[in-house]
Amino acid sequence: MCSKLIAKTPEFLYNTRMVSIQKDVSLKDFSNYKIGGPAKYFLEVSNLDELIEGFIQWEKISKALPIFVLGAGTNLLIGDRGFGGLVIHNKIKDIKILSEKDTKSQRIKESKSQRIRVGAGVLMEDLLNFCVQNCLSGLEWAGGLPGTVGGAVRGNAGAFGGEIKDGVYQVESVSTYEVSEAAASQVRKQVRKRKNSECKFRYRSSIFKDGEGKNEIIISVELKLQKGDKDLITKQIEEKIEYRKNRHPLEYPNIGSIFKNIFIEKVPQKLLEQLKDSIKDDPFPILPTAKLLAVAGLKGKKVGGAMVSQKHPNFIVNLDNATFRDVLDLIREVKSLIYKKYQIELEEEITVF
Ligand SMILES: Cc1cc2nc3c(=O)[nH]c(=O)nc-3n(C[C@H](O)[C@H](O)[C@H](O)COP(=O)(O)OP(=O)(O)OC[C@H]3O[C@@H](n4cnc5c(N)ncnc54)[C@H](O)[C@@H]3O)c2cc1C
């Protein structure tokens, strides 16, 4: 029963806690791969005030060094030498159900849709639990999708025909360049709001990954969901989780699919004929890279401690203390073999840094 919506936190984003920039923090445990050296500087933030405070401190340390935003580390291959700048670990975790006052919409009460604002550091798993508790439908496709909401928006994460862009109303972000040069009082004015169409969502991409928002940290996302049936929502999410448990090599450290799936226009005609039963809508026709790697006989291929998964060949698992180099060399070998055999250029989905 969901007669009354449960709002988790009335205040959103603005709270204060002392923040401090730490030095030489190992990133290994922040990566789902369990690979990676230290961050020279490391800052954890759980709301906008902490981010501002962190930027003020950072200005005193350096303006020249790069900044990297870390979510849940489920899509990251981190170098063994680590990162020479500031890593900002986004733990902005509030979720708020928006009212008529918040949205300036007169018809929200009668409407079948519901807007919620979600901190970019909220884990997708927690967001889905929130949706179940509040009978909100629209994100069932994401059952079992690891990572944060911010990471999902940046890469327009998708599965089972759904994509995060389908639920996004608008995204709030702050530029990591401008903020460090601005006085604290100016920072709030620089929070940028982009409506869905301005986010330039594409297949596993957005303005935050490949466009002018590249140097921005997503702080919150407003989603437009539908009021639905709790049991049905739960069932659909559980089905996806079960599917993933059976198909993904979750028993090893991994970072999901290494390569993007392949648009069918890029597949040579003869191969397309041969694999036509494997073509999927994702949400447009693609050849699953996992299928191509299996057909090419690459299952189980190893370099050092890294291996192309037997269970899902688009995953390269950390089988036995793999290093950054092992994974990178294996990626290169796979790409080169696929190009030689089928003249298809595989494109990485993961972030390497
Ligand atoms: C087992 C498994 C299954 C997966 N299945 C899928 C799937 O079905 N579909 C799919 O699309 N992906 C899948 N992934 C990949 C991964 O879950 C998504 O890419 C996820 O959205 C990454 O979120 P994250 O918080 O872990 O990001 P991270 O790995 O921490 O970071 C990834 C990139 O996003 C950036 N980023 C993170 N947070 C922010 C922010 N707040 N602002 C700006 N930039 C940010 C980082 O700088 C980095 O460049 C899977 C991964 C695993 C391990």
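Residues numbered from 1 in each chain as written. Predicted model: local features only at pLDDT ≥ 70, side-chain atom pairs only at ≥ 80, totals over all residues. Heavy atoms only, no water.

**Comments concerning the overall build of the protein chain**
Each helix and strand counted, the protein chain has 11 helices and 20 strands in total. A burial count over the protein chain gives 51% of its 353 residues as buried. If you take every contact in the protein chain between residues at least 6 apart in sequence, the share linking residues at least 24 apart comes to 68%. Surface summary for the protein chain: the accessible area is close to 17200 Å², and the carbon and sulfur share equals 49%. (Helix = DSSP H or I, 4+ residues; strand = E, 2+ residues; numbered from the N terminus. Buried < 20%, exposed > 50% of the residue type's maximum accessible area, 1.4 Å probe, protein only. Contact = heavy atoms within 4.5 Å. Areas by Shrake-Rupley, 256 points an atom, 1.4 Å probe, with all protein chains shown as cover.)

**What about the site of the ligand?**
Around the ligand sit 35 residues in total, of which Val69, Gly71, Thr74, Thr148 and Gly158 are the nearest. Gly71 places a main-chain nitrogen or oxygen 2.8 Å from an oxygen atom of the ligand. Separating a nitrogen atom of the ligand from a side-chain N or O atom of Asn90 is a distance of 3.3 Å. When the ligand sits alone it has 970 Å² of accessible area, and the protein chains cover 94% of it. (Near = heavy atom within 4 Å. Polar contact = N/O pair within 3.5 Å; in protein donor to acceptor, adjacent residues only side chain to side chain.)

**Some points on the pairing of strand β11 (residues 168-175)**
Across a regular strand the side chains alternate sides, sitting on one face of the sheet and then on the other. Most of β11 sits out of view: seven of its eight residues are buried. Direction of pairing for β11 relative to strand β13 (residues 216-227): antiparallel, over a ladder of seven bridges. Paired with Val174 across the bridge in β13 is Ile217. (Pairing = 2+ DSSP bridges.)

**Looking at the sheet that holds strand β16 (residues 285-287)**
Across the sheet, three strands lie side by side as β14-β16-β15; this open sheet has antiparallel pairing. Each having just a single partner strand, β14 (262-263) and β15 (280-281) make up the two edges of the open sheet. Taken together, the two bridges between β14 and β16 define a ladder with antiparallel strand orientation. Bridge assignment links Phe263 to a residue of β16, and that residue is Ile286.

**Topic: the packing of aromatic side chains**
Throughout the structure, instances matching the rule amount to nine aromatic pairs. Centre to centre, the rings of Phe30 and Phe42 are 4.9 Å apart; their planes meet at 35°, and the pair counts as tilted. A residue pair is termed long-range when its members are at least 10 positions apart, and Phe30 in the loop between β1 (22-26) and β2 (38-45) and Phe42 in strand β2 qualify at 12 residues. Look at Phe30 and you get partly exposed, because its relative accessible area is 25%. Residue Phe42 is classed as buried on the basis of its relative accessible area, which comes to 2%. Measuring from ring centre to ring centre gives 5.7 Å for Phe263 and Phe284, while their planes differ by 50°; the resulting arrangement is tilted. Note that Phe263 is positioned in strand β14 and Phe284 in the loop between β15 and β16, a separation of 21 residues in sequence. In this arrangement the basic side chain of Arg115 is found over the ring face of Tyr169, its NZ or CZ atom lying 3.7 Å from the centre. One cation-aromatic arrangement involves Lys240 over Phe160; the distance from NZ or CZ to the ring centre is 5.7 Å. (Phe/Tyr/Trp six-rings, centres within 6.5 Å; stacked < 30°, edge-to-face > 60°. Lys NZ or Arg CZ within 6 Å of the ring centre and 35° of its normal.)

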